[in-house]
Amino acid sequence: MKNVILNLLIWTSICAPLTLKAQKLPGEQTSSVNLPAGFKIDGLANEWNDKFLAHNKNTETNYTVANNNQYVYLAVQATDPLSIKKIIGGGITFTINTSGQKADRSPYSITFPVVPNSSQIFVFNSIVDMGLYINQKKAEDSVINIVNNKITSAAKEIKVKGFKTITDTLIAVYNETGIKSAAQINKDGALTCEFLVPIKLLGITPNSGKMIFYNVMVNGVTSIQQKNYTSGVTVRSVPNSLSANSSNLSILQYPTDFWGSYTLK
């Protein structure tokens, strides 16, 4: 336990400069942005040079919304350790309302990453271990690749809702719908998640200049049923993989979100 707490303290000190930098961004994105040509949904923000358009304090994340005539795009980056734990434990839900108002009876949403409870400890511990390398200035590509391979192997599905042509609630990351998501850790220890939604699935005419409302929610860590075989009592709790510090349980379990509006270019 002492080693886990020590690792978290070290990682927090690593991420502190990144968090301070993020706070200089505006609290809300107010402009529309073209999705760069040749973009890749790989969980890296290389197309943006790791620079984002806004920082939301509710979720402690940086973000950018963009589009072209085929897709709506969202990139979310977390540098805060608790935010990263919440994302690993519950994922991010990107909701799009096309009716021109927040209250939409038929919203579209995708959730990613969807990491099984049994895999969360391995993913998060590998990120913490990489933080130690960063602190020692030894975060070589091979170390980063190990962490990202664990994320990729654990997060194989995307949760979808509201799409009339998609009957399944879970689809594979590699699918034929055009919906894409990816998550990766960069060399500074920041977790970036990317989302791509085809405009045609939203029932929107390309190049229409339509305004949409969107919601970005960092979901609370999923609680699971655990049976105490000594007492025979079944309880619901946060998986041990993410609850090393009991004082953070309420933060981990409580979803945080923000709304925004965006006019398609």
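See the structure printed just above.
Below: a short report on this structure. Because the structure is predicted, anything quoted here is derived from the model rather than measured.

**Comments concerning the overall build of the protein chain**
Here comes step 1: Secondary structure summary: the protein chain contains 5 helices and 13 strands in total.
Here comes step 2: Taken across its 265 residues, the protein chain has 48% of its residues classed as buried.
Here comes step 3: Within the protein chain, contacts between residues separated by at least 24 positions form 69% of all contacts whose residues are at least 6 apart in sequence.
Here comes step 4: Here the protein chain has roughly 13,500 Å² of accessible surface; of this, 52% comes from carbon and sulfur atoms.

**Focus on helix α4 (residues 141-154)**
Here comes step 1: With 14 residues, α4 extends 20 Å from end C-alpha to end C-alpha; this agrees with the ideal 20 Å at 1.5 Å per step.
Here comes step 2: All of the buried residues in α4 are V143, I144, V147, N148, I151 and A154. Angularly, the buried residues of α4 cover 125° about the axis, an arc narrow enough to put them on a single face. Residues of α4 that are exposed and point over 90 degrees away from its buried face: D141, I146 and N149.

**Examining the pairing of strand β5 (residues 108-112)**
Here comes step 1: A large share of β5 lies buried, amounting to 5 of its 5 residues.
Here comes step 2: Burial along β5 is two-sided: the face carrying Y108, I110 and F112 and the face carrying S109 and T111 are both buried.
Here comes step 3: Direction of pairing for strand β4 (residues 92-97) relative to β5: antiparallel, over a ladder of 5 bridges. Residue pairing for β5: I96 is matched across the bridge by Y108.
Here comes step 4: Relative to strand β6 (residues 157-161), β5 runs antiparallel, the two sharing 3 bridges. Opposite I110, over in β6, you have V160 as the bridge partner.

**With respect to helix α2 (residues 81-90)**
Here comes step 1: Most of α2 sits out of view: 10 of its 10 residues are buried.
Here comes step 2: Among the residues making up α2, those that are buried are P81, L82, S83, I84, K85, K86, I87, I88, G89 and G90.
Here comes step 3: Where α2 starts, the residue carrying a side-chain oxygen 3.3 Å from the main-chain nitrogen of L82 turns out to be D80.

**Overview of the sheet that holds strand β10 (residues 211-218)**
Here comes step 1: Across the sheet, 6 strands lie side by side as β7-β6-β5-β4-β10-β13; this open sheet has antiparallel pairing. The sheet terminates laterally at β7 (170-172) and β13 (256-263), the two strands that pair on one side only. Taken pair by pair, the neighbouring strands of this sheet meet at an average axis angle of 20°, ignoring direction.
Here comes step 2: Pairing of β6 with β7 involves 3 bridges; the strand directions are antiparallel. Its bridge partner being in β7, E157 is matched across the sheet by A172.
Here comes step 3: Together, β4, β5, β10 and β13 form the strand contacts of α2, whose direction differs from that of β10 by roughly 100°.

**Description of the pattern of salt bridges**
Here comes step 1: Taken as a whole and judged by the stated rule, the model has 1 salt bridge.
Here comes step 2: K187 is paired through a salt bridge with D188; the nearest N and O atoms lie 3.7 Å apart.

**Re the nonpolar core**
Here comes step 1: Grouped together as the largest cluster of nonpolar side chains are 52 residues, with contacts concentrated most on F94, I110, F163 and I179.
Here comes step 2: Sequence-distant contacts of F94, defined by excluding residues within four places in its chain, comprise V72, L74, Y108, S109, I110, F195, V197, Y214, N215 and V216.
Here comes step 3: In this structure, I41, F52, Y73 and A75 belong to the second largest nonpolar core, which totals 12 residues.

**Concerning the packing of aromatic side chains**
Here comes step 1: Under the defined criterion, the tally for this structure stands at 5 aromatic pairs.
Here comes step 2: Between Y63 and F258, the ring centres sit 4.5 Å apart and the planes meet at 40°, which makes this aromatic pair tilted. Here Y63, found in strand β2 (residues 61-67), pairs with F258, found in strand β13; they are 195 residues apart in sequence, far enough to count as distant. Accessibility assignment for this pair places Y63 and F258 in one class, buried.
Here comes step 3: With centroids separated by 5.2 Å and ring planes inclined at 50°, the aromatic side chains of Y108 and F163 adopt a geometry described as tilted. Separated by 55 residues along the polypeptide, Y108 in strand β5 and F163 in the loop between β6 and β7 bring together distant segments of the chain. The exposure classification of Y108 matches that of F163, with both residues buried.

Reading guide: rules and limits
- Residues numbered from 1 in each chain as written.
- Predicted model: local features only at pLDDT ≥ 70, side-chain atom pairs only at ≥ 80, totals over all residues.
- Heavy atoms only, no water.
- Helix = DSSP H or I, 4+ residues; strand = E, 2+ residues; numbered from the N terminus.
- Buried < 20%, exposed > 50% of the residue type's maximum accessible area, 1.4 Å probe, protein only.
- Contact = heavy atoms within 4.5 Å.
- Areas by Shrake-Rupley, 256 points an atom, 1.4 Å probe, with all protein chains shown as cover.
- Expected span 1.5 Å × (residues − 1).
- Arc of directions from axis to C-beta.
- Pairing = 2+ DSSP bridges.
- Polar contact = N/O pair within 3.5 Å; in protein donor to acceptor, adjacent residues only side chain to side chain.
- Axes fitted to C-alpha atoms, helices over the stretch in contact; angles between N-to-C directions.
- Salt bridge = Lys/Arg side-chain N within 4 Å of Asp/Glu carboxyl O.
- Core = buried A, V, L, I, M, F, W, Y, C linked by side-chain atoms within 4.5 Å.
- Phe/Tyr/Trp six-rings, centres within 6.5 Å; stacked < 30°, edge-to-face > 60°.

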